[in-house]
Amino acid sequence: VMRISQGTANRQMVRLAVDHAPAMADWLFAAGFTARAEHPVLGGGGHDPYTKARYFWGENGGLSILRILENELQPLVDAGKVTVLLQTRATSLLQRRGGAVEGIAATGADGRAVEYRGRSVVLTCGGYGSNGEMFERLEGIRDYADTVYPYSQGAGIIMGLAAGGYLRGAELRQPLFNAVLQEESAPSRILVRLVTDPTQREPWEIYVNVRGERFLQEDTLTFDAKEKALKGQPDERCWVVFDQAILDAAPKPPTRSWSKAEYAEAFGSFPTFYKADTLQALAAAARIDAAGLAATVVEYNAAQASGRDRLGRRHMPLPIAKPPFYAIRMQGYYLVDSAGLAVDTQLRVLRQDGRAIPNLYAAGELLGMGTLQGSSYPGGMSVTPALTFGKLLGEKLLPV
């Protein structure tokens, strides 16, 4: 994990997660979890792999884990050992003089204010990815893509900060690279994800930023390099540019699961697909700098003819010269949040001075993915630590 994150993940928290993950996995398998037939594998695909096969998916993805948790929980609910409150919104933490947490204030299903008190409070209520204002304030970039669970509104962040906690990891955000949005406006649903992995489809097109400039080696083998390059572009956005000859000659389109006919029709159907008879008109339609795009195409065509590209690209089958010309707007997007409440290795929520807030703990996405993944995407370092830390806190805080 530290290698894949290039040392940007929190080493202590990663160590806590990976040292206790085997016991959690053993518990999960003993409870009936079944991995896919070809698993474990080296990684999740696209991102940098592990050196040993250690990454598992269930037969039905996340639902495989959910079913296990439901089956384990229901007998405890039936026996009266666990109470589940639905349609109940936690609003704030109750604290004694001195700051120790002693419960939560909430709004019940009937709309009335209620309070619940206990020895400890564990915040595990997810991130803030669907709270556009909070996302932009904490991450420093607008949330252009509507991809996240709608109830990820940052409730735990708000409560934790109000109780004296602080956030870390926002600077480690890294956009995912391959989404084409349904609309030009934001936030928008994702229309299609492009195949940008050269092992699945080598690139025939070029990628340019709003200035019309290429900014990465399009056939690089690592998603990490693409994502870091995209992060440095205005609005974390780029355009895929090509011509009619490439549209005709490429063996398959970059749009996953679309036929060539469906792909060609998209340029008259969706606002993020552009087509024009000249590069200047294409730039105007896509709102890219026309002079920059023209200069870039000239430079790329010279590189294609000589076989030597300044960015190191190797696969350059055709120049971009035959009208009409095409562009697809591709947008960086996020499935998880980078910033989260700071905790120690006992999962106690910390104040800025390093002191723990008594009786307050946190786990899951609420810790921020920057803590456990750094500025990259090591496979399995989202759901696995959430389960692992939940198990640790259950064993620590609940009576036997």
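Residue positions within a chain follow its written sequence, with the count starting from 1. In view of the model being predicted, local features appear only for residues whose pLDDT reaches at least 70, and side-chain atom pairs are presented and counted only at 80 or more, with totals across whole chains, interfaces and linings using the full set of residues. Think of the side-chain values as coming from all heavy atoms in the structure, minus any hydrogens and water.

Participant: Where do I start with the side chain of Glu139 in this structure?
Facilitator: Helix and strand assignments follow DSSP, with helices taken as H or I runs no shorter than four residues and strands as E runs no shorter than two, numbered in order from the N terminus. For Glu139, the location among the structural elements is in helix H3 (residues 132-139). Type-normalised accessible area, obtained with a 1.4 Å probe on protein chains alone, sets the label of each residue: buried when under 20%, exposed when over 50%, and partly exposed for intermediate values. Positive charges are assigned to Lys and Arg, negative charges to Asp and Glu, while His and the chain termini are left out of the count. One speaks of a salt bridge when a side-chain nitrogen belonging to Lys or Arg is within 4 Å of a carboxyl oxygen belonging to Asp or Glu. For Glu139, which is buried and forms no salt bridge, the nearest opposite charge comes from Arg173, at a distance of 4.9 Å. From its side chain, Glu139 meets the backbone nitrogen of Ser338 in a polar contact 2.9 Å long. Sequence-distant contacts of Glu139, defined by excluding residues within four places in its chain, comprise Tyr128, Ala170, Arg173, Asp337, Ser338 and Ala339. For this analysis, a polar contact is any N or O atom pair within 3.5 Å, provided that within protein one partner can donate a hydrogen and the other can accept it, and provided that sequence-adjacent residues contribute only side-chain to side-chain pairs. Here, residues are in contact when the closest pair of their heavy atoms is within 4.5 Å.

Participant: Help me understand the pairing of strand E14 (residues 356-362) in this model?
Facilitator: Look at any regular strand and the pattern is simple: side chains alternate between the two faces of the sheet. In the sheet, strand E4 (residues 121-123) pairs with E14 via three bridges, with the strands oriented parallel. Among the inter-strand pairings, Leu123 is bridged to a residue of E14, identified as Ala362. Sheet analysis places strand E13 (residues 348-350) next to E14, joined by two bridges and oriented antiparallel. Residue pairing for E14: Leu350 is matched across the bridge by Ala356. When DSSP finds two or more bridges between a pair of strands, those strands are recorded as paired. Counted along the chain from E13 to the antiparallel partner E14, the turn is five residues long, and its residue Gly354 has a positive phi close to 95°.

Participant: Looking at this model, I keep getting lost on the packing of aromatic side chains. Mind explaining?
Facilitator: Only rings of Phe, Tyr and Trp enter the pairing, Trp through its six-membered ring, and a pair is recorded when the two centres are within 6.5 Å. The plane angle decides the type: under 30 degrees is stacked, over 60 is edge-to-face, the rest tilted. Scanning all chains against the criterion turns up 15 aromatic pairs. Geometrically, the ring pair formed by Phe29 and Phe33 is edge-to-face, given 5.1 Å between the ring centres and 80° between the ring planes. Using a relative accessible area of 7% as the deciding quantity, one classes Phe33 as buried. Between Phe29 and Phe56, the aromatic rings sit 5.5 Å apart at their centres with planes inclined by 70°, giving edge-to-face as the arrangement. Taken as a pair, Phe29 in helix H1 (residues 11-30) and Phe56 in the loop between H1 and helix H2 (62-78) lie far apart in primary sequence, 27 residues in all. A residue is classified by how much of its surface remains accessible, and Phe29, at 34% relative accessible area, is partly exposed. Clustering of aromatic rings is evident, with ring pairs tying together Phe242, Trp258, Tyr263, Phe267, Phe270, Phe273 and Tyr326. The ring of Phe223 carries the charged tip of Lys226 above its face, separated from the ring centre by 5.6 Å. Consider the ring centre and the ring normal. A charge sits over the ring if Lys NZ or Arg CZ is within 6 Å of that centre and within 35 degrees of that normal.

Participant: Help me understand unusual backbone geometry in this model?
Facilitator: Note: most residues except glycine have negative phi, and most peptide bonds are trans. In this chain, Ala186 is followed by Pro187 through a cis amide linkage whose omega measures -5°. You can see Pro187 is positioned in the loop between strand E6 (176-181) and strand E7 (190-193). Although it is not a glycine, Asp235 adopts a positive phi angle of roughly 60°. Turning to its location among the elements, Asp235 is positioned in the loop between helix H5 (223-231) and strand E9 (237-243). The phi dihedral of Arg287 is positive, around 60°, even though this residue is not glycine. Assignment of secondary structure puts Arg287 in the loop between helix H8 (279-286) and helix H9 (290-306).

Participant: I keep staring at the packing of H8 against H9 and nothing clicks. Help me out?
Facilitator: For any two helices packed against each other, one specifies the crossing angle of their axes together with the interaxial distance. For helices, the axis comes from a line fit to the C-alpha atoms of the stretch in contact; other axes are also lines fit to C-alpha atoms, and the angle between any two N-to-C directions lies between 0 and 180 degrees. Between H8 and H9, the least distance of the axes is 9 Å, while the angle of their chain directions is 130°. By the angle between their axes, H8 is oblique relative to H9. Handedness of the H8/H9 crossing: right-handed. Seen from H8, the contacting residues are Leu279, Gln280 and Ala283; seen from H9, they are Ala290, Leu293 and Val297. Asp, Glu, Lys and Arg are counted as charged, while Ala, Val, Leu, Ile, Met, Phe, Trp, Tyr, Cys and Pro are counted as nonpolar; the rest, among them Gly, fall into the polar class. Along the lines of polarity and charge, the residues of the contact of H8 with H9 split into five nonpolar, one polar and no charged. Each angle gets one of four labels, with under 35 degrees taken as roughly parallel, over 145 as roughly antiparallel, 65 to 115 as roughly perpendicular, and the rest as oblique. Note: crossing handedness is left-handed where the near helix turns anticlockwise from the far helix by less than a right angle, and right-handed where it turns clockwise.

Participant: Which parts of the structure should I look at to understand the pattern of salt bridges?
Facilitator: When the charged atoms of two side chains with opposite charge come close together, those side chains can pair. What the rule picks out here adds up to 21 salt bridges. Note that Glu115 is salt-bridged to Arg117, the shortest N-O span being 2.7 Å. Residue classification places Glu115 among the partly exposed positions, given a relative accessible area of 48%. Between Glu218 and Arg313 there is a salt bridge; the shortest N-O distance is 3.3 Å. One end of the pair, Glu218, is in the loop between strand E8 (206-208) and H5; the other, Arg313, is in the loop between H9 and strand E11 (325-333), with 95 residues separating them in the sequence. Per residue, the accessibility class of Glu218 equals that of Arg313, and both read buried. One continuous salt-bridge network, built from bridges that share partners, spans Arg96, Glu102, Glu115 and Arg117.

Participant: Teacher, can you tell me more about the side chain of Ser5 here?
Facilitator: The residue Ser5 is located in the segment before H1 in this model. Apart from the residues lying within four places of it in its own chain, the contact partners of Ser5 are Gln373, Gly374, Ser375 and Ser376.

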